[in-house]
Amino acid sequence: MSELRRKALAPGGKTISRKAASRQSSTTSSRATSRQASRQNSRAASRANSEDEDAELSDETTFSYGSQGDFGITEYPEDSNSAWQEELGDTVQAILERKKSSFASREESFNKYVHILCAKYAKEAITHQKTGIVDSCLRSIKSGRTEKESLLATKALALTIVSAPDDEIYDAVSPTFKRVISDHESMPLKCSVIHALGAATFYGGATLTETENVMDFLLEIIQSDGHSVGAGDEAGVVTSALEEWGFLCTQLDDAEDITAGSMDALVDQLDSSEVSVQVAAGENIALLYEKSYTEAEEDELDDRHEAGSKFIQRYKPYPRVDSLKETLSNLSGGSRKYLSKRNKKTQQSAFSDILHSVEEPLKGPRVHRTENPVIFESLSLFVESI
């Protein structure tokens, strides 16, 4: 990221990329003003990185707003099905009756709804009201009275999509999601809606072409360091885009073209000064190396008993693999002195796994520590985000 990378590389006397340099020269004055106004939200702002720093990774990418008990929500015993179903019904009605509600009551209703859907499988209970729920959530996302209302509505909508998938919801929500990501001033909301867009694309009936279009939209955010959506050098926005890009990539059977068009941008983000950006980019690189292998066809088997167990690399994901491995190895050693102890530990652990996946894509990370290696092709990127 231009500003973040400049911070990271300055101590070593390195220069920023040509892309960042050209953008910096054309936007310095406007970014100086915007950074002053948004410094409170920016993870790119300078800060003390002492050994006692306890910063969370990618705080902006989380949907959570306070604890589940913010509004006195009841904890449901395992055998009290009627209690949570009754409260869910009342909560849905409150969400639908917007004309009689204040922003505070909408915040309370969305929070209750989120809590119930996180605790209970509620597909049957919400399916017949889903159209109204989606509409109400979209209205609060677009024009919520407070940032908190919009964020809670985003989480409520994402959970609705995941709880009750269908083939029409992507078309219903994607225009609003892209508009909010591009135009809204709230950086936390941009992050949250990026995650919701990933959920809608994955679970909401998007075609392969639409999925690839969303990935291109996210890749543009990554390549531009957030500038394409008015979030220049916002680490949280770039991290969210990286995470959802990787999440959607798991759907693709053939990732060769996607790999060719994205690897340079992903490798570029390894130079970020923010660990959340580095890790998300690295995990996507590992995923692309895994996806370069496919199961051998029948005529490629040396023995019929190899069927289902022999995999062949169809293409080389990155031409400068030795340079990439050196970068990953340096990151796995926690080479940057300015990092806090916590972030350095996170960086070391993540990039140790990422490096192993690039070196041994068929085995994946932690192959020496468990019989069942962790595979980056998983839902964890999205699940952790909501």
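As a reminder, the structure under discussion sits directly above these lines.
Calculation notes
Residues numbered from 1 in each chain as written. Predicted model: local features only at pLDDT ≥ 70, side-chain atom pairs only at ≥ 80, totals over all residues. Heavy atoms only, no water. Helix = DSSP H or I, 4+ residues; strand = E, 2+ residues; numbered from the N terminus. Buried < 20%, exposed > 50% of the residue type's maximum accessible area, 1.4 Å probe, protein only. Contact = heavy atoms within 4.5 Å. Areas by Shrake-Rupley, 256 points an atom, 1.4 Å probe, with all protein chains shown as cover. Phe/Tyr/Trp six-rings, centres within 6.5 Å; stacked < 30°, edge-to-face > 60°. Lys NZ or Arg CZ within 6 Å of the ring centre and 35° of its normal. Axes fitted to C-alpha atoms, helices over the stretch in contact; angles between N-to-C directions. Parallel < 35°, antiparallel > 145°, perpendicular 65-115°, else oblique. Left-handed = near helix turned anticlockwise from the far one by under 90°. Nonpolar A, V, L, I, M, F, W, Y, C, P; charged D, E, K, R; others polar. Patch = residues over 30% accessible without salt bridge, like charges linked within 9 Å, V, L, I, M, F, W, Y side chains within 5 Å. Salt bridge = Lys/Arg side-chain N within 4 Å of Asp/Glu carboxyl O. Lys, Arg positive; Asp, Glu negative; His and termini not counted. Charge placed at Lys NZ, Arg CZ, Asp CG, Glu CD.

Observations concerning the overall build of the protein chain
Item 1. Assigned secondary structure in the protein chain consists of 16 helices and two strands.
Item 2. Scored against the burial criterion, the 386 residues of the protein chain give a buried share of 49%.
Item 3. Considering only intrachain contacts with a sequence separation of at least 6, the fraction spanning at least 24 residues in the protein chain is 70%.
Item 4. Within the structure as shown, the protein chain displays about 18600 Å² of accessible surface, and the carbon and sulfur contribution to it stands at 46%.

With respect to the packing of aromatic side chains
Item 1. Applying the stated criterion across every chain yields a total of two aromatic pairs.
Item 2. Ring-pair connections join several aromatic residues into one group, and the members of that group are F202, Y203 and F247.
Item 3. Between K178 and the ring centre of F217, over which it is positioned, the NZ or CZ distance is 5.9 Å.

Here we look at the packing of helix α11 (residues 235-249) against helix α13 (residues 275-291)
Item 1. At a minimum axis separation of 9 Å, α11 and α13 run at an interaxial angle of 15°. Between α11 and α13, the interaxial angle falls into the category roughly parallel. Crossing hand, α11 versus α13: left-handed. Seen from α11, the contacting residues are A235, V238, T239, L242, E243, W245, G246 and C249; seen from α13, they are S276, V277, A280, A281, N284, L287, L288 and K291.
Item 2. In the contact of α11 with α13, the residues fall into ten nonpolar, four polar and two charged.

Describing a positive patch on the surface
Item 1. Positive charge collects at one region of the surface, where K99, R139, K142 and R179 lie side by side.
Item 2. Along the chain, K99 turns up in the loop between α3 (81-96) and α4 (103-119).
Item 3. Judged by relative accessible area, K99 falls into the exposed class, the value being 87%.

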